[in-house]
Amino acid sequence: MSNFIVPTVTSKGFKLNLNTGLFINNKFVAGGSTIDTVNPATGEVIASVQAAEAKQVDDAVQAAHKAFYGGWKDTTGKIRAKYMLKLADLVDEHAEELSQIETLDNGKSISAARGFDIPQLPIVLRYYAGWADKIGGKVINTEGALTYTRHEPIGVCGAIIPWNFPILMLAWKIGPALATGNTVVLKTSELTPLSALFVASLIEQAGFPPGVINIITGYGAVAGDAISRHSLVSKIAFTGSTAVGRQIMKAAAESNLKKVTLELGGKSPNIIFDDADLDQAVKWSHLGIFFNQGQVCCAGSRVYVQAGIYDEFIKKFTEHAQANKLGDPHDESTYQGPQISEKQFNSIMGYIDSGKQQGATLLTGGKRWSDKGYFIEPAVFTDVKEDMTIMKEEIFGPVVAISKFTDVDDVVEKAHNSTYGLAAAVFTQNISRAIEVSNRLEAGTVWVNCYNRLDPDTPFGGYRESGFGRECGEYALDNYTQVKTVKINISHRL
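Residues numbered from 1 in each chain as written. Predicted model: local features only at pLDDT ≥ 70, side-chain atom pairs only at ≥ 80, totals over all residues. Heavy atoms only, no water.

**Q** Let's hear about the overall build of the protein chain: which residues, and what values?
**A** Regarding its fold elements, the protein chain presents 14 helices and 26 strands. For 494 residues, the compact-globule estimate of 2.2 N^0.38 gives 23 Å, and the protein chain sits close to it at 23 Å. Pairs at least 24 residues apart make up 73% of the contacts formed inside the protein chain by residues separated by at least 6 positions. Placing the 47 positive and 53 negative side-chain charges of the protein chain at their respective mean positions leaves the two points 6 Å apart. (Helix = DSSP H or I, 4+ residues; strand = E, 2+ residues; numbered from the N terminus. Rg over C-alpha atoms; globule rule 2.2 N^0.38 Å. Contact = heavy atoms within 4.5 Å. Lys, Arg positive; Asp, Glu negative; His and termini not counted. Charge placed at Lys NZ, Arg CZ, Asp CG, Glu CD.)

Dropping the structure here:
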């Protein structure tokens, strides 16, 4: 393991030892090549990590397959829960190191890493550990026979996670997979591998047998494709873009018809009615779009404000956006860190240029901040028409498009003017209107008088091109089991 440890120091002097190998069969091993992971706050290389190619993917899958049939699938829920709870405790013990690594590699603020991202892993592990011994079928009353069902694990589950929430996405993938008795091969994003690899260093300490959890890094077109096509992988869980989701479905279909769940893109509408608590609506809407530098699949990037409060909302919201403190993400006072990469920075700036060229009004922001790293001032557009690119396409950055609406029918029609259906929000003090609009909106999650409230016990997933299947809650367990019917003849005779 020591061959793959790289020491480093954060901008605030916190010393870290970074794991850079591939974690396969409870060991850190070499890949077929290496990938440089970059600090988005400076543009400088943090470390070179081992990258999986087809051979290393096969090694990981073979290890997971052997572990599954070598005893893991037959372990009791209580045993699986014990390992999961131990891993949760170890993450708690190393929470500060993980927070520092997440901020270094991803660019999110240290306050966000400490306050949200890292605590979610032990929370999710403990939630699903509670389910591990409660997964069962049922007896069905059939004539002349005893009939019962079993909810059995699928086998080797491939998990491909994105760069925006590395630890949260790891939690959402491994939690239900382990609780239901599956083994896992998880591929991190090549942009943010370091926090997941640190978690990998805790897996053996938690007592997991070799091969149960394998964590690798690699490019999507190489390692991701190899996982999606591997004949011993029985299920794929992917979070990322809709375009890549289509490729994964195709690979799964062309190989062994493996089960697929997809949590994809979004262009979520955030609806503010005249009777909303205006100050609260402004604060939640700010969180809805600018949290995590706007790099959130369910970001409230389309804000629709009813005509009666439109001007006042714009004034207060713009002031709130201008108050965002950009800076070193390791600084305790920083709210907004850098975008993840130069490529993402350029893509966002392209959308900002598009908004200006197509006639939207840029009230504030939208400029590069700092001469190093990938920082963008939060951009607030008004006078945005429905056919403008910034209103239609997922930007994945700190850019909000604000538009006016008249009544319920008008705003519901506008909200549905999208190929996505991941999330939405409604701000109103009229409970009847809140329920009516929530029920009409075609989205997997609708928040009322809040935004970005994510909990491990409530399902999350999309409609339309935002994917299918659900993460979190009891609903997620269905994605990781297959149902067997057993019929025992009692009275039928031939």
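Let's pick the thread back up.
**Q** With reference to specific residues and values, describe the environment of Lys-173.
**A** Residue position: Lys-173 is located in helix α5 (residues 166-179). By relative accessible area, which is 1% here, Lys-173 ends up buried. A sequence separation of 35 residues divides Lys-173 from Phe-208, and the C-alpha atoms of the two residues are 16 Å apart. With residues up to four places along the chain from it excluded, the contact list for Lys-173 reads Ala-159, Ile-161, Leu-186, Ala-237, Phe-238, Thr-239, Glu-471 and Tyr-480. One polar contact links Lys-173 to Glu-471, side chain to side chain, over a distance of 2.6 Å. (Buried < 20%, exposed > 50% of the residue type's maximum accessible area, 1.4 Å probe, protein only. Polar contact = N/O pair within 3.5 Å; in protein donor to acceptor, adjacent residues only side chain to side chain.)

**Q** Give a detailed account of the sheet that holds strand β8 (residues 145-153), specifying residues and quantitative values.
**A** Strands belonging to one sheet form pairs held by backbone hydrogen bonds; the direction of such a pair is parallel or antiparallel. Taken in spatial order, the three strands line up as β7-β8-β26 in an open sheet, and their pairing is antiparallel. Each edge of the open sheet carries a strand with a single partner, namely β7 (139-142) and β26 (481-489). Mean inter-strand twist for the sheet, computed between neighbouring axes without regard to direction, equals 25°. Summarising the sheet, β7 and β8 pair through four bridges and their orientation is antiparallel. Its bridge partner lying in β8, Ile-140 is registered against Thr-147. (Pairing = 2+ DSSP bridges. Axes fitted to C-alpha atoms, helices over the stretch in contact; angles between N-to-C directions.)

**Q** Describe the packing of α5 against helix α6 (residues 194-203), naming the residues involved and giving the relevant values.
**A** Look at α5 against α6: their axes get within 8 Å of each other, and the N-to-C directions meet at 50°. Taken together, the axes of α5 and α6 are oblique relative to one another. Remark: the crossing between α5 and α6 carries right-handed chirality. Residues Pro-166, Ile-167 and Leu-170 of α5 touch α6, and the partners they reach there are Ser-195, Ala-196 and Val-199. Broken down by class, the residue content of the contact of α5 with α6 amounts to five nonpolar, one polar and no charged. (Parallel < 35°, antiparallel > 145°, perpendicular 65-115°, else oblique. Left-handed = near helix turned anticlockwise from the far one by under 90°. Nonpolar A, V, L, I, M, F, W, Y, C, P; charged D, E, K, R; others polar.)

**Q** Tell me about unusual backbone geometry, residues and numbers included.
**A** The residue Asn-25 is not glycine, and still its phi comes out positive at about 60°. With respect to the secondary-structure elements, Asn-25 resides in the loop between β3 (22-24) and β4 (27-29). Judged by relative accessible area, which is 35%, Asn-25 ranks as partly exposed. Residue Ser-370 is not a glycine yet carries a positive backbone phi of 80°. Relative to the helices and strands, Ser-370 resides in the loop between β17 (368-369) and β18 (375-376). For Ser-370, a relative accessible area of 32% corresponds to the partly exposed category.

**Q** Give me helix α13 (residues 408-415): which residues, what numbers.
**A** When you tally the buried positions in α13, you get six out of eight residues, the bulk of the element. Elements that come into contact with the buried residues of α13 comprise β14 (269-272), β15 (302-306), β20 (399-405) and α14 (431-440).

**Q** So, the packing of aromatic side chains: which residues are in play, and what are the values?
**A** Scanning all chains against the criterion turns up 16 aromatic pairs. Measuring from ring centre to ring centre gives 6.0 Å for Trp-72 and Phe-208, while their planes differ by 50°; the resulting arrangement is tilted. A residue pair is termed long-range when its members are at least 10 positions apart, and Trp-72 in the loop between α1 (54-69) and α2 (77-93) and Phe-208 in the loop between α6 and β11 (213-217) qualify at 136 residues. Like Trp-72, the residue Phe-208 is buried in the burial classification. A centroid spacing of 5.6 Å and a plane angle of 55° characterise the contact between Trp-172 and Phe-460, whose relative ring orientation is tilted. Here Trp-172, found in helix α5, pairs with Phe-460, found in the loop between β23 (445-448) and β24 (463-464); they are 288 residues apart in sequence, far enough to count as distant. (Phe/Tyr/Trp six-rings, centres within 6.5 Å; stacked < 30°, edge-to-face > 60°.)

**Q** Could you give me a rundown of the pairing of β15, with the residues and numbers involved?
**A** Counting buried positions along β15 gives five out of five residues, so the element sits mostly inside the fold. Of the two faces of β15, the one carrying Arg-302, Tyr-304 and Gln-306 and the one carrying Val-303 and Val-305 are both buried. Between the parallel pair β14 and β15, the chain is carried across by helix α9 (residues 278-290), and the sense of this crossover is right-handed. By the bridge criterion, five bridges tie β15 to β20 in an arrangement that is parallel. Counterpart to Gln-306 in the pairing with β20 is Phe-405. (Right-handed = clockwise from strand over helix to strand, strands pointing away.)

**Q** Lay out the pattern of salt bridges with the relevant residues and their values.
**A** Taken as a whole and assessed by the stated rule, the structure comprises 25 salt bridges. Residue Asp-89 is joined to Arg-126 by a salt bridge in which the shortest nitrogen-to-oxygen separation is 2.8 Å. Of this pair, Asp-89 sits in helix α2 while Arg-126 is found in helix α4 (residues 110-131), placing the two residues 37 residues apart along the sequence. A residue is classified by how much of its surface remains accessible, and Asp-89, at 36% relative accessible area, is partly exposed. (Salt bridge = Lys/Arg side-chain N within 4 Å of Asp/Glu carboxyl O.)

**Q** Any details on α1? Residues and values, ideally.
**A** Its 16 residues give α1 an end-to-end C-alpha distance of 22 Å, which sits within 8% of 22 Å, the value for a rise of 1.5 Å per residue. At the C-terminal side of α1, Gly-71 shows a positive phi close to 140°. (Expected span 1.5 Å × (residues − 1).)

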